[in-house]
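Spelled out from the first residue to the last, the chains are:
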Amino acid sequence: MGGFFGVVSKQDCVSDLFYGTDYHSHLGTRRGGLVVKNPQGFMRFIHKIDNAQFRSKFELDISKMKGNKGIGVISDYEDQPLLICSHLGRYALLTVGAIKNEEELVRNVFSRRAIHFSEMREGVINPTELIAALLNEAPTFEDGIKTVQESVEGSCSLLILTDKGVYAARDRLGRTPLVLGEKEGSFAATLETCAFPNLGFSIKKYLGPGEVVLITEQGIEQRTPPKDKMQICAFLWVYYGYPASSYENINVETVRNRCGEFLARNDDVK
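On a predicted model such as this, the values are computed, not experimentally measured, just so you know. (Residues numbered from 1 in each chain as written. Predicted model: local features only at pLDDT ≥ 70, side-chain atom pairs only at ≥ 80, totals over all residues. Heavy atoms only, no water.)

1. As for the nonpolar core
Convention followed: Residues belong to a common nonpolar core when they are buried Ala, Val, Leu, Ile, Met, Phe, Trp, Tyr or Cys residues joined through side-chain atoms within 4.5 Å. Any residue under 20% of the maximum accessible area for its type is buried, any over 50% is exposed, and the rest in between are partly exposed; the area is computed with a 1.4 Å probe on protein chains only. For the purposes of this entry, the term helix denotes a DSSP run of H or I that reaches at least four residues, the term strand denotes a run of E that reaches at least two, and both are numbered from the N terminus.
Tyr91, Ile131, Leu158 and Ile160 are the most contacted members of the largest nonpolar core, which totals 28 residues. Elements with a minimum of two residues in this core: strand E5 (82–86), strand E6 (89–99), helix H3 (102–111), helix H4 (127–135), helix H5 (141–151), strand E9 (154–161), strand E10 (166–169) and strand E14 (212–216). Ranked by the residues each element gives to this core, the list is headed by H4, at six residues.

Quick look at the structure:
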């Protein structure tokens, strides 16, 4: 399990990106990454966080980062966000999910004989680079995201940082949440809603399963409508989720308290 945060603002967004990503630290234990886009290009930092807190690893980096749009991730083990150059242009990509048919997808991509993978760690292909390969086979980002959603068994939600803004896409069955927020001059996308209040964001919308939006300085534009079938992971409320967060407008702590009440009904009364 991992977590992500993306923001687009009319002003510099680095502080919101840093703290918004940090609010997901409970969801990952191995890697953290931030990338921002400014007129000079992309600026990215990735660090190991398995033996130190996210904030301590990135507090010096953020003083060097400038930009009005960016994405950040707390990752299980793989390095990300990745910087990609393809016919779609230059972009940064991060993903959260579980790809159950990864070996099959790799075989299919290799069968086209026009790609290789370089982001290897301990002999394992970086799943985010695999998703980039699927994206790059399509003529547009929207078509590429559709290819990813139709190809992946399991789940894969993603953020793509481009010159235009940030694409935010929830996995096809909505197994991981993706929530949009807004405040004056800024829009954001997050997995955990607890990232919003202290940064001044209010919840604007819970994306539906498979829904895709493009976030720019002017607002949020729907690119793909939500699908009908929802299979969100209930374990988010039971274990993974931060108590202050809500998924589908249902608070984590409330669910845990209610579960405790139902379990207590079976206790012996003395």
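2. Observations concerning H3
Rule in force here: Think of the arc as the fan of directions from the helix axis to the C-beta atoms. Any pair of residues with heavy atoms lying within 4.5 Å of one another is described as a contacting pair.
Of the residues making up H3, those classed as buried are Leu105, Val106 and Val109. Looking straight down H3, one finds its buried side chains confined to an arc of 100 degrees; they lie on one side. Exposed and oriented more than 90 degrees from the buried face of H3 are Glu103, Arg107 and Ser111. For H3, the secondary structure elements touched by its buried residues are E6, strand E8 (124–125), H4 and H5. The first or second residue beyond H3 is arginine 113, which carries a positive phi of 60 degrees.

3. Focus: the environment of asparagine 101
Test applied: As used in this structure description, the phrase polar contact means that two N or O atoms lie within 3.5 Å; if the pair is within protein, one of them must be able to donate a hydrogen and the other to accept it, and residues adjacent in sequence are counted only when both atoms belong to side chains.
Within the element layout of this structure, asparagine 101 appears in the loop between E6 and H3. Among the residues examined, asparagine 101 registers a relative accessible area of 6% and is labelled buried. Distance from asparagine 101 to serine 157, taken between C-alpha atoms, is 15 Å for residues 56 residues apart in sequence. What asparagine 101 contacts, discounting residues up to four positions off in sequence, is Ser151, Val152 and Glu153. A distance of 2.9 Å separates a polar atom in the side chain of asparagine 101 from the backbone nitrogen of glutamate 153.

4. A closer look at the packing of aromatic side chains
In this description, a pair of aromatic rings is defined by centroid distance and the angle of the planes. Using the following cut-off: Only the six-membered ring of Trp is used, alongside the rings of Phe and Tyr, when aromatic pairs are assigned; centres must lie within 6.5 Å, and planes under 30 degrees apart are stacked while those over 60 apart are edge-to-face, with the rest tilted.
What the rule picks out here adds up to 13 aromatic pairs. Ring centres of tryptophan 237 and tyrosine 247 lie 5.6 Å apart, and the angle between their planes is 75 degrees; on these two criteria the pair is classed as edge-to-face. Highlighted residues: tryptophan 237 in helix H6 (residues 235–240) and tyrosine 247 in strand E16 (residues 246–247), separated in sequence by ten residues. With respect to burial, tryptophan 237 and tyrosine 247 carry one shared label: buried. Members of the aromatic cluster, joined through ring pairs, are Phe18, Tyr19, Phe54 and Phe58.

5. So, the side chain of glutamate 192
To keep things clear, this is the line we draw: Positive charges come from Lys and Arg, negative ones from Asp and Glu, while His and the chain ends are left out of the count. By convention in these notes, a salt bridge is any Lys or Arg side-chain nitrogen within 4 Å of a carboxyl oxygen on Asp or Glu.
Position of glutamate 192 relative to the elements: it lies in the loop between strand E12 (186–190) and strand E13 (202–206). One buried charged residue, glutamate 192, forms no salt bridge at all, with the nearest opposite charge on arginine 256 at 7.5 Å. For glutamate 192, the side chain forms a polar contact with the main-chain nitrogen of tyrosine 242, separated by 3.3 Å. Beyond its immediate stretch of four places on either side in the chain, glutamate 192 contacts His24, His26, Leu27, Tyr240, Gly241, Tyr242, Ser245 and Tyr247.

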